[in-house]
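# Working through the structure, step by step
The chain contents come next:
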Amino acid sequence: MSDKKPFSCFVIEPHFYDDLNWDMDKIVKYLEFIRLNINDLFKHKHSKYYIIAYRDFLGNSAPAIGVINNNAIESKDFDDFDDLFNTVEKWVNSIGLDTIENKSNELNVPKWKKILELKYYPKE
């Protein structure tokens, strides 16, 4: 991620964490599948998507997808976070968790412990 201040930065946490029994390594794999395919939903030339170690206000950490866009025109597409989140949720629901599991098993992605060390993945 760039040290430049982005026009927009959002976090996406799909609603399947409970379904995966909070298996962080499995969640990371599912998120990586989504991250690799998410640009097909938005078709932004300037968006970058990362697996991040997201911390809530209580200090709890969980993997999530971080969305960064430094293009003023494209970043306006992210003005309504609910639209961004709902688009991802609808897509996840349409392809199903079984499909994501099958596809994510083919991916080589760091374990959750490594993501915590890195803070975000992939490193550029």
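The following refers to the structure shown. (Residues numbered from 1 in each chain as written. Predicted model: local features only at pLDDT ≥ 70, side-chain atom pairs only at ≥ 80, totals over all residues. Heavy atoms only, no water.)

In terms of regular secondary structure, the protein is built from six helices and four strands. Its helices and strands in sequence order give the protein the pattern β-α-α-β-β-α-α-α-α-β, from N to C terminus. For the protein, the residues scored as buried account for 42% of the 124 residues in total. For the protein, long-range pairs separated by at least 24 residues make up 71% of all intrachain contacts whose partners lie at least 6 apart in sequence. Accessible area for the protein stands at about 7500 Å²; split by element, carbon and sulfur atoms hold 48% of it. (Helix = DSSP H or I, 4+ residues; strand = E, 2+ residues; numbered from the N terminus. Buried < 20%, exposed > 50% of the residue type's maximum accessible area, 1.4 Å probe, protein only. Contact = heavy atoms within 4.5 Å. Areas by Shrake-Rupley, 256 points an atom, 1.4 Å probe, with all protein chains shown as cover.)

Let us look at the environment of L116. Counting through the fold element by element, L116 comes out in helix α6 (residues 112-118). Overall, L116 belongs to the partly exposed group, its relative accessible area being 27%. Separated by 64 residues in sequence, L116 and I52 have C-alpha atoms that sit 8.0 Å apart. Sequence-distant contacts of L116, defined by excluding residues within four places in its chain, comprise A53 and S61.

Take the side chain of S104 next. Mapped onto the fold, S104 is located in helix α5 (residues 97-104). Owing to a relative accessible area of 1%, S104 belongs among the buried residues under this scheme. Sequence-distant contacts of S104, defined by excluding residues within four places in its chain, comprise K29, Y30 and F33.

A word on the nonpolar core. The biggest cluster of nonpolar side chains holds 36 residues, and the ones touching the most others in it are I12, F16, I34 and I65. If you list the elements that add at least two residues to this core, you get β1 (8-12), α1 (24-37), β2 (47-55), β3 (61-69), α4 (81-95), α6 and β4 (120-121). Among the elements that take part in this core, α1 stands out by supplying seven residues, more than any other. For I65, the contacting residues outside a window of four places in its chain are F10, V11, I12, L31, I34, R35, Y49, Y50, I51 and I52. (Core = buried A, V, L, I, M, F, W, Y, C linked by side-chain atoms within 4.5 Å.)

To continue, consider the pairing of β2. Here β2 pairs with β3 via nine bridges, running antiparallel. By the bridge assignment for β3, Y50 is matched with G66. Two successive antiparallel strands, β2 and β3, enclose a turn made up of five residues, where G59 displays a positive phi of approximately 90 degrees. Sheet topology places β2 next to β4; two bridges connect them, and they run antiparallel. The residue bridging I52 from the neighbouring strand is Y120, located in β4. (Pairing = 2+ DSSP bridges.)

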